[in-house]
Every structure is written in C-alpha cells, then in structure tokens.
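Now for the letters of each chain:
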Amino acid sequence: MLFHSPPFIALLLCFLASSLCLFGYWSGIEWLFRPQADGPATNIFTALCMLLISVAALLRPALSSVKWALLLLVLIFLLLRMSGVWLLQQISTWFVMPAVITDSPLFSHAMGLNTSIMLLLLVIGMGCQLWGYLRLAQAFSFVALFFPLQALIGYVYQIPDFYAEMSLLTVTMGLLLILANFLHTMQVDPLHALMSGHLGGRLARYQMLFGFLVPFALGLLLVSSFIESGLANRFGLYVVALIWFIFILVTASAVVQDKVERSRRKMEEHLREMATIDPLTKLYNRRKLIENARHELELSKRTDTTMWGLLLDVDNFKLINDTAGHAMGDKVLVELARVISSAVRKIDHVGRIGGEEFAIVLPGTDRDGALTVAENLREKVAAMWVPGWTDSYSPITVSIGGASSEGRVTLETIYTAADEQLYAAKHNGRNRVELEPDPQPDWELARQN
Ligand SMILES: Nc1nc2c(ncn2[C@@H]2O[C@H](COP(=O)(O)OP(=O)(O)OP(=O)(O)O)[C@@H](O)[C@H]2O)c(=O)[nH]1
C-alpha cells in the first residue's frame with residue numbers, strides 16, 4: 001500500500017541516495033558521493049541533512065516531536081554553515097574518512113551555498129507543513145526549486161557558475177525532496193489548480209512543460225556562441241529567469257482559471273438543483289419525479305417486473321395553514337418529506353408533485369410490498385411530531401392511493417389510476433390507504449370503452 005504513495009517513493013529514494021553517499025564517504029568509494037569524476041561532490045553534511053530530512057518526512061505524523069527534533073538539527077547545521085562557523089569544518093574532520101578522500105584536492109569541508117539555501121528553504125517549508133500552513137510550505141518548496149533547476153541548467157549548458165558546488169547527486173536529492181513536499185501539499189492552491197483535472201489545469205500543465213522546454217532547448221542551441229563570447233553566465237541567467245517568469249505566470253493564471261471554473265461549476269450545480277429539486281422539502285420536484293418514473297417504467301418493461309406508484313396527500317392541510325399560519329404548513333411539509341424519505345428504500349423515488357401532494361415510485365415491487373410501504377408511511381406520519389401543531393392541535397394524517405405498472409404502457413394511466421385510489425381514500429374517511437385491487441391492463445380498458 002505504501003508503494004502507491006508517490007511522496008513515500010520520492011522520500012525513500014532520497015533516503016537511499018543519501019545513505020549510499022554517506023556509505024561512500026565511510027568506505028572510500030568516491031563515485032558514491034561524486035557522480036562525475038572531477039565534478040562537484042555531495043558534501044558529507046549535505047548527505048546527512050538530506051538523510052535527516054527524508055527520515056523526518058517519512059516518520060508517521062504521530063511522531064511529530066521527533067520530526068521537529070530532526071528538522072531542528074538540520075537547521076542548526078545549516079545556520080552554522082551559513083554563518084561560516086569554523087566548528088562545522090572541524091566536525092567533518094572528526095568523521096572517520098579514508099585519507100584518500102580527505103587528502104584529495106577535490107575534497108571540500110563546506111556545503112555549497114546554493115545547497116545550503118535550498119536545504120534551508122526545504123526545512124522551513126517542512127516546518128510550515130507540520131504547523132499546517134500548507135500554502136506557505138508550498139511557496140517555500142517552489143522557491144527552493146530554483147536552485148536545483150539552475151544547477152541542472154548549468155550542467156546541461158556547461159556553465160560551472162550555475163551549479164557551483166552542487167553535485168548532480170545533490171540536485172537529484174533536492175528535486176526528490178521538493179517533489180515530496182509538493183505532493184504533500186497538493187490539496188491547496190496553486191498546486192491544486194495546476195494539477196486539477198479540468199481544462200484550466202490541463203492547459204496549465206502543458207504551458208508549464210513547454211514554458212520550460214522551449215526556452216531550455218533554444219538556450220541549448222545558442223549557448224555555445226555565448227560561451228565563446230564570454231557571456232554564457234548572463235545568457236544562462238536570462239534562460240533561468242525566463243523559465244521562472246513563465247512558471248509564475250502560468251501558475252497565477254491557473255489559479256485564476258481554477259477559481260472561475262469552480263464558481264461556474266457551483267453555478268451549474270445550483271441551476272441543476274433548481275431544475276430538479278423542490279426548494280422547500282429538498283425532494284425531487286414534479287418534473288424530475290416524472291422523468292425518473294418514466295425511466296423506471298421502461299426498465300420494468302424490459303425486466304418484466306412490476307413497479308408501483310403511490311400518491312400521498314395531507315388530510316385537511318388547509319386547516320393547518322388557516323389555524324397556525326403558512327409557516328407552520330411549510331414546517332409540516334418539511335417534516336413530512338423527511339419521514340417519507342426515511343421510510344422508503346434507496347432505490348425508490350420520492351417527489352413533491354403539488355402543494356401538499358407527494359408521489360413515490362417503488363420499482364420492483366408487488367401489491368403486498370406496496371401495501372406494506374403505504375401502511376408504514378401512513379402510520380409513521382400519524383405518529384409524527386411537529387412542535388407547535390401536533391402538541392397543540394391534532395396528529396397529521398395522510399391519504400394514500402396506489403396503482404401498479406402491470407399491463408400498462410404509459411405513466412399517465414398509472415397516475416390516473418393512483419389518483420382515483422387517492423380520491424377513494426379521501427372519500428372513505430381519510431387517513432387511509434387504497435390500492436387498486438387488480439390493475440387493469442390498457443388493452444382491457446380499451447375493450448371496455
Ligand atoms: N404552507 C403551505 N401551504 C401550501 C403549499 N402549497 C399548497 N398549500 C396549501 O395547501 C392547501 C391545500 O388545501 P386543499 O386542496 O383544500 O386540501 P386539504 O385541505 O388538504 O384537504 P384534503 O386534501 O381534502 O384533505 C391550500 O390551502 C394551499 O394553499 C405550500 O407550499 N406551503
């Protein structure tokens with residue numbers, strides 16, 4: 001399961017790379033800490049800091065005090081390095097390192113300044129992350145990205161000033177830690193907007209890719225002439241600045257676009273809700289219920305099953321309005337909707353199709369099932385408690401009429417039959433359920449006519 005988590009893989013790789021690097025120092029295997037012969041090496045403290053940071057990030061969130069302690073240790077190393085403290089250089093000589101390394105003219109006690117700044121930004125970013133300031137954490141990682149990116153361009157363009165003492169190994173580990181930090185803070189903007197699956201995000205990702213590749217590739221074509229003219233440094237800086245500028249521009253536009261898209265989606269959702277949901281009871285409105293019922297009818301024809309339709313009407317509802325006011329009537333309707341919804345199955349459809357009239361569609365149900373549901377509903381409504389009405393006046397009751405889809409082809413005929421049963425329930429004294437005893441098929445009705 002852990003291997004499905006990208007930050008875990010990035011952190012593990014960083015952990016392994018830094019461990020191997022330290023092992024290289026200990027065992028005298030130079031290529032483990034100096035990936036290019038005669039090129040810059042990953043300093044022993046850089047490897048140690050990378051190791052501590054990756055361990056801190058890999059630890060479970062519950063071990064936050066250990067995480068803080070490790071980060072603090074790294075911070076102390078970095079501050080000592082940046083203030084040029086002699087002590088740090090001395091400490092490195094205490095490490096048991098083969099003389100072949102320490103005697104080499106290429107051996108350096110000091111971590112490169114660009115590496116120190118990158119690590120400092122990463123540590124601060126991780127601290128923000130632990131504190132819960134994810135956006136700030138992301139911003140620090142974003143700025144930290146500048147250093148390995150600049151070094152990488154330096155390596156490709158062969159401008160030593162650009163990578164200075166940052167080895168390719170340090171570049172890789174730095175990129176892995178930045179990637180892990182990004183993945184940890186993915187749920188907040190601007191990264192969230194950049195990674196969004198919607199059009200804005202997708203477009204921004206392409207823009208980002210080309211915004212990097214195009215200046216980078218053009219620079220690669222032109223850099224040799226600049227090296228000859230001695231202006232390679234300035235040209236390299238121009239390319240890095242250009243890439244950075246494009247990154248910022250694309251990120252900002254992705255955030256704005258994402259915001260616009262989010263509000264558009266919200267509006268669409270609102271409109272869809274308005275078109276299908278009854279605002280008072282939050283049940284389906286008449287239109288949507290009819291649409292669902294038609295769909296269920298077609299399905300029942302295909303699967304050769306029976307569907308039942310119930311019509312439910314509040315008894316003497318006018319009395320509630322006239323006695324306790326319209327607001328009380330609304331309150332009763334809302335409570336009624338809650339009771340009906342909780343009394344039916346998830347696959348049933350409930351809608352408010354008129355003032356105090358509700359309809360329930362019961363797919364795959366026979367007469368006994370429909371009767372059980374209808375009686376259960378009637379009883380539940382009669383036991384319903386609405387403060388201000390049932391405690392002062394009378395219980396609320398409903399009349400229910402029902403008809404089945406058996407032998408019927410259209411929804412209208414089911415509705416008419418159910419309405420007749422509802423009328424009968426009202427006529428026979430209210431607070432009653434009347435279901436058609438023997439649904440008459442259309443062809444029989446036609447024959448009778
Ligand atoms: N509070 C409230 N009242 C509504 C709403 N829609 C319709 N009504 C009222 O519901 C009442 C329906 O009254 P009638 O059709 O006479 O039915 P009834 O009083 O329930 O009588 P029976 O159905 O015969 O038992 C009317 O007074 C409508 O104004 C609504 O959304 N809120």
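Treat the numbers as computed from the prediction; the structure is a model and nothing was measured.

### Examining helix α15 (residues 317-324)
In step 1: The complete set of buried residues in α15 reads Phe317, Ile320 and Asn321. Seen along its axis, α15 keeps its buried residues to an arc of 95 degrees; they face one direction. In this structure, α15 carries Lys318 and Asp322 as exposed residues pointing more than 90 degrees from its buried face.
In step 2: Buried-residue contacts for α15 involve β1 (308-314) and α16 (326-343).
In step 3: A positive backbone phi angle near 100 degrees is found at glycine 325, which sits one or two residues after α15.

### With respect to the pairing of strand β3 (residues 357-362)
In step 1: With six of six residues buried, β3 is to be regarded as a mostly interior element.
In step 2: Side-chain alternation along β3 places Glu357, Ala359 and Val361 on one buried face and Phe358, Ile360 and Leu362 on a second face that is also buried.
In step 3: In this sheet, β3 lies alongside β1 in antiparallel orientation, the contact comprising six bridges. Opposite leucine 310, over in β3, you have isoleucine 360 as the bridge partner.
In step 4: Both strand β2 (residues 349-352) and β3 contribute to a ladder of four bridges, which runs antiparallel. Bridge pairing links arginine 352 to phenylalanine 358 in β3.
In step 5: Following β2, the chain reverses through four residues before pairing antiparallel with β3.

### Brief notes about the site of the ligand
In step 1: If you check the shell around the ligand, you find 16 residues, and the closest are Asn316, Phe317, Lys318, Asp330 and Arg352.
In step 2: Measuring from an oxygen atom of the ligand, one finds a side-chain N or O atom of glutamate 356 at 3.0 Å.
In step 3: Taking lysine 426, its side chain carries an N or O atom lying 2.9 Å from an oxygen atom of the ligand.
In step 4: For the ligand, whose free accessible area comes to 670 Å², the fraction covered by protein is 66%.
In step 5: Where the shell around the ligand is concerned, the elements lending two or more residues are β1, α15 and α16.
In step 6: Tallying contributions element by element places α16 first for the shell around the ligand, with four residues.

### Brief notes about the environment of valine 332
In step 1: Its location among the elements puts valine 332 in helix α16.
In step 2: Its relative accessible area of 0% is what places valine 332 among the buried residues.
In step 3: Contacts of valine 332, omitting those with residues within four sequence positions, involve Phe317, Ile320, Met384, Val386 and Ile396.

Rules used throughout
Residue numbering note: each chain is counted from 1, following its sequence as written. With the structure being a predicted model, the display of local features is reserved for residues of pLDDT at least 70 and the display and counting of side-chain atom pairs for 80 or more, all residues being used for whole-chain, interface and lining totals. Each side-chain value is derived from all of the structure's non-hydrogen atoms; neither hydrogens nor water enter the calculation. Think of it in three bands: with a 1.4 Å probe and only protein chains considered, a residue is buried below 20% of the maximum accessible area for its type, exposed above 50%, and partly exposed in between. Working definition: helices are DSSP H or I runs of at least four residues, strands are E runs of at least two. Numbering for both runs from the N terminus. Our arc is simply the arc of the directions from the helix axis toward the C-beta atoms. By the convention used here, residues are in contact when the closest approach between their heavy atoms is within 4.5 Å. For two strands to be treated as a pair, DSSP must find at least two bridges joining them. Any residue with at least one heavy atom within 4 Å of a molecule or strand is counted as near it. Counting of polar contacts relies on pairs of N or O atoms within 3.5 Å, with two restrictions inside protein: one atom must be capable of donating a hydrogen and the other of accepting it, and residues adjacent in sequence are counted only when both atoms are side-chain atoms. The method behind every accessible area is Shrake-Rupley, applied with a 1.4 Å probe, and residues are considered shielded solely by the protein chains displayed.

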